[in-house]
Amino acid sequence: MTLLKVEGIEAGYGQSQALFGVDLDVAEGEVVALMGRNGMGKTTTIRAICNLTPPFGGAVHFAGRSLKGMAPHRVAKLGIGLVPEGRRCFAALTVEENLIATARPGKWEFATVTQLFPRLAERRNQMANTLSGGEQQMLAVGRALMTNPKLLILDEATEGLAPVIRNDIWASIRKLKAEGEAILIVDKTLPELLPLADRCTVLENGMTVWTGKPGELTGDLQDRYLGV
Ligand code: ATP
């Protein structure tokens, strides 16, 4: 069943339009990769879905409801767990406080999140701003999970991290997929991303230009839409 349906959304920043018609959908239990070169509109699409940058055209439906005009905290409450670019943990709270701050009842609780990220259990009483970048990223994912979302959105969750930590994060994302979580993911590491994705949606200049299975994203298409 379709969980998220984005139809022809248009959005931008002040006078500057960034999205000119983005179509995208995610079904329950599906992992969809949102792809495209730098500046093509991936983050803006995510912000538009969450109403952080409200779209002025098109429509977003989630779990059968229109998100038009809904405040971002209500979108979150409806079941969209966002891990934004740049992590944004609560710096002056401990790891445990960060996790508990967003908790809502469900299978993801302190015990299950720290099973997924054992380092968070080790750092339980440490302030978030004393964690390494990778640990903060784990905390950001953990915090989104603690809301027990129906859809997890990951925006560049592995960017700028040391290879060992990246591998840990990818392993955790694979576990989340195996557990049937629906995920919308933006990431530039294609060798990790493509095997994980059930479907890919490619943006160019703020428009959806291609959707299909990762195996159909041929070298030619990758050169055309993702090459630098
Ligand atoms: P990247 O891979 O570099 O993160 P992206 O595909 O996520 O890129 P967006 O960040 O959504 O792309 O940017 C889409 C367009 O919107 C770009 O032209 C960008 O310059 C512009 N843009 C993004 N954020 C802002 C902002 N805060 N104010 C004005 N323009 C912005």
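Refer to the preceding data block for the structure.
Just so we're clear, the structure is a prediction, and the values are computed from it rather than from any experiment. Each residue is numbered by its place in its chain's sequence as written, counting from 1. It should be noted that, the model being predicted, local features are given only for residues of pLDDT at least 70 and side-chain atom pairs only at 80 or more, the latter also being counted only at that level, while totals for whole chains, interfaces and linings use all residues. As a rule here, side-chain values come from all non-hydrogen atoms in the structure, and water together with hydrogens is ignored.

Take helix 9 (residues 219–226) next. Counting along an α-helix, one turn takes 3.6 residues, and residues three or four places apart therefore face a common direction. All of the buried residues in helix 9 are Leu221, Tyr225 and Leu226. Along the axis of helix 9, the buried residues cluster in a sector spanning 85 degrees; they form a single face. Across helix 9 from its buried face, at more than 90 degrees, point the exposed residues Asp220 and Asp223. On the buried face of helix 9, the contacting elements are strand 3 (31–35), helix 8 (190–196), strand 9 (199–204) and strand 10 (207–212). Residue exposure (1.4 Å probe, protein chains only): buried if accessible area is under 20% of the type maximum, exposed if over 50%, otherwise partly exposed. A run of DSSP states H or I qualifies as a helix once it reaches four residues; a run of E qualifies as a strand once it reaches two. Both are numbered from the N-terminal end. Note that the arc is defined by the directions from the helix axis to the C-beta atoms. Contacts are assigned to residue pairs with any non-hydrogen atoms lying within 4.5 Å of each other.

Any residue with a heavy atom positioned within 4 Å of a molecule or strand is treated as near that molecule or strand. Lining the immediate surroundings of the ligand are 13 residues, of which Gly39, Gly41, Lys42, Thr43 and Thr44 lie closest. Within the side chain of threonine 44, an N or O atom sits 2.5 Å from an oxygen atom of the ligand. Per element, the largest residue contribution to the shell around the ligand is three residues, and it comes from helix 1 (residues 42–49). Its residues assigned to classes, the shell around the ligand shows three nonpolar, five polar and five charged. A 3.5 Å cut-off defines polar contacts: any pair of N or O atoms within that distance qualifies, except that in protein one atom must be a possible hydrogen donor and the other a possible acceptor, and neighbouring residues in sequence count only when both atoms are side-chain atoms. In this classification, Asp, Glu, Lys and Arg are treated as charged, Ala, Val, Leu, Ile, Met, Phe, Trp, Tyr, Cys and Pro as nonpolar, and every other residue, Gly included, as polar.

By the element assignment, threonine 53 lies in the loop between helix 1 and strand 4 (57–62). A polar side-chain atom of threonine 53 sits 2.9 Å from a polar atom in the side chain of arginine 47. The contacts of threonine 53, once residues within four sequence positions are left out, are Ala11, Gly12, Tyr13, Arg47 and Ala48.

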